Amino acid sequence: MPVRAQEALGTLPIVEPPVVPAETGRVEGRRIVRFAVAAAVMGGVALGLVVMQRSSGRAMHAYDRGPVRTESDTITGLPSEIGQVVTFGSIVLRNTSSKPAILERIRIDPPLGPEMSLVDVKVAGADRRIGCVCSAAEFPPHGIPAQAFKPFDGAVVPPRQDDPEGLGVEIFMGLRVNTTGEFGFRHAIVDYRIGGKRHRVKLNDGWIGCAPRAAYRHCRSDAAFFEAED
Amino acid sequence: MRRWQLCLALSFLASVIYVPAADAALSAEDKAGAIVAGVLTDAADSPVSGSLDLFAWPTGRPVEVGQTVQLVPVGHDRAAKDGRFSIASDLTTDLAELARLNGGYINFVLYGTADGVIEETHFSRYVGDTPVTAQEAGTAKRPVEWRASPEEDADPVRVRLGDAAAAKTADDRPIHAMQGGCSGMKLIESQIRPTVIGELRAPDDTETATFAYGKRADSEIGVASQGGQGPWALSGSFHIANSQAGEITQRATSGQHLLVRSRFRYDRYEYFCPSGRREKVVARDWLGDYQSEPTAVRGCAGAPEGRLGRYGPDGSFHRIREKAVQWDGAVDVFGASLTARSGYSQYVRGDWSFGGAPEHLLCGDNGGPLVARHIFAGTSA
């Protein structure tokens, strides 16, 4: 009988493979394992993101809010000669929490232009023996024991139970006017951490420096000076 | 289906993760809700159940001697055995108008009653005086945050009922909301009296020191009330924050220590409660002038080191937001001695410009000059 290769001899019905209980269990088991692995990976990624976000994100606070604060809203001014480094010390941080706060970073807001330079930043705790040297014609200011001055980075603002007199930590900025005129800033922004939590506080203690003294008897000290900047 | 569930779970996780920590911190501080909450107590300071009725006082609305003012009913609550109560409200058109007339503050009278004993207390809340937006124009109410001041949250109130024998209602009938069971708030007399708004102290070698107040008033002045011929008793305070054409500026020179007063108008009202005729004295508005007088020298000699602040040659110092200072006996009016507290905002400021001496000393009563309530000056005691 001739056989034509193109012609089907017959058809077979398509059938499902036989159900073998052990085989089904293995397939289902593999699916569960795959799902568990995927879920674990996703969970790990999510946890990592949470940790990363919490460690890099900062709680933002105004000058009178948050665990470390000043509760002061001031402007301090001092005339100087061009190139003279003077002290601005009207920022006193107090820690209202029960854990020490570690200072991490300070920056001026808005940033200084070339007319004024931030030469150095130091801090001093209770051993400075004064509420504040709010302004001084020299830097660091006279009258404070040399050993009281510490670098800003890593300085500790003691918790409230360790600072019963509320002396806190004073920030001393060494500032220099580089050209004739009046220049300053309205805010300083301080980053700190308490335990694993990071914070940022925007302070309202501003500074106006002016030079030379022959041209400026006093620097202005009113908030209107900054209105254009804010 | 499982993939869909997985996606849903991951979306949920992502939404949790990306709530910024900063927002979380702010939302915790961002409280809205009750105008007043607190505890009702008896004369022994034990919580009691009772009734609370809240009314707004029409500070800023014109009133003539002989006229009866209408208080604005705001809310009612019933304290349970633990004495706790809370009265909430949106900002109605009436209340928004009162806030506009008084620099964003609304003054309230809270009547507490229990077992026929009635007590009233006075307080204020800040809601701001921003204009109503076009979207809000057609609505009778809008949500608002009730604050003690722009910077301060409202504290709970403790309404302590007086001695039952003195304040008991005539027939022990329950008090229902209509001025807490009292009626007929009639203005019987007005007086204008100088009231302490601040102090100004300048150390030696000061070129100028300035105390500025206004152009909006910012003083919380005690409210006194009396029953029958009894003595005046303080029962809270009202905030006066009306505006005038300009700020007042008191100046001082080297070594001067001044007490600064400004004139406020005070009203004496009579009204009738179930216990009988009563009177109260409330501040109405600020008149925008000032006067000063020398006051006792308070220097920094002997002040704790932590309260001292030192300033360099020709330096200047400007406190933009003063701290609230309470002055007892700030004003005597109608025989009542009232307290006054000024300094919640940018409407009270202090400013010093020093001379060429190497250093100048300021100090505070409860902290350094950056934060203290009272600033003392100079090297004397």
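No experiment lies behind these values; they were computed from the predicted model shown.

Our next topic: the environment of B:Arg193. Residue and element names in this part refer to chain B. Inspection of the secondary structure puts Arg 193 in strand S11 (residues 183-201). Here Arg 193 falls in the partly exposed class, since 16 other C-beta atoms lie within 10 Å of it. Here the alpha-carbon distance between Arg 193 and Asp 115, two residues 78 residues apart in the chain, equals 39 Å. With residues near it in sequence (within four places) discarded, Arg 193 still touches Arg 263, Phe 264, Tyr 266, Val 331 and Val 333.

A few words on the environment of B:Ser380. Residues and elements named next belong to chain B. Looking at the secondary structure, you find Ser 380 in the segment after strand S25 (375-377). Classification of Ser 380 as partly exposed rests on a count of 16 C-beta atoms within 10 Å. Each C-alpha atom, one on Ser 380 and one on Ala 301, is 5.3 Å from the other, the two residues being 79 residues apart in sequence. Residues within four places of Ser 380 in sequence aside, it is in contact with Val 297, Gly 299 and Ala 301.

Moving on, we come to the confidence of the model for chain B. Residue and element names in this part refer to chain B. Confidence along chain B averages 84 in pLDDT terms, with 82% of residues attaining 70 or more. When pLDDT is averaged over each helix and strand of chain B, the minimum, 33, is found for helix H2 (residues 21-29) and the maximum, 97, for strand S19 (residues 308-311). Confidence over residues 11-32 falls short of pLDDT 50; this stretch has 21 contacts with residues more than four positions distant or in other chains. The model gives residues 165-178 a pLDDT under 50, and that stretch makes 25 contacts with residues more than four places away or in other chains.

Turning our eyes to something else, we now look at the sheet that holds strand S24 (residues 360-364) of chain B. Strand pairing in a sheet takes place through backbone hydrogen bonds and is either antiparallel or parallel in direction. Pairing is mixed in the open sheet, where four strands are placed in the order S7(A)-S19(B)-S24(B)-S25(B). Both outer strands of the open sheet, strand S7 (132-133) of chain A together with S25 of chain B, are each paired with one neighbouring strand and no more. Where S7(A) lies against S19(B), two bridges are found, and the strand directions are parallel. Opposite A:Cys132, over in S19(B), you have B:Gly309 as the bridge partner.

So, how was this worked out
- Residues numbered from 1 in each chain as written.
- Chains lettered and ligands numbered in written order.
- Predicted model: local features only at pLDDT ≥ 70, side-chain atom pairs only at ≥ 80, totals over all residues.
- Helix = DSSP H or I, 4+ residues; strand = E, 2+ residues; numbered from the N terminus.
- Buried ≥ 20, exposed ≤ 12 C-beta atoms within 10 Å, placed from the backbone.
- Contact = placed C-beta atoms within 7 Å.
- pLDDT = per-residue confidence, 0-100.
- Pairing = 2+ DSSP bridges.

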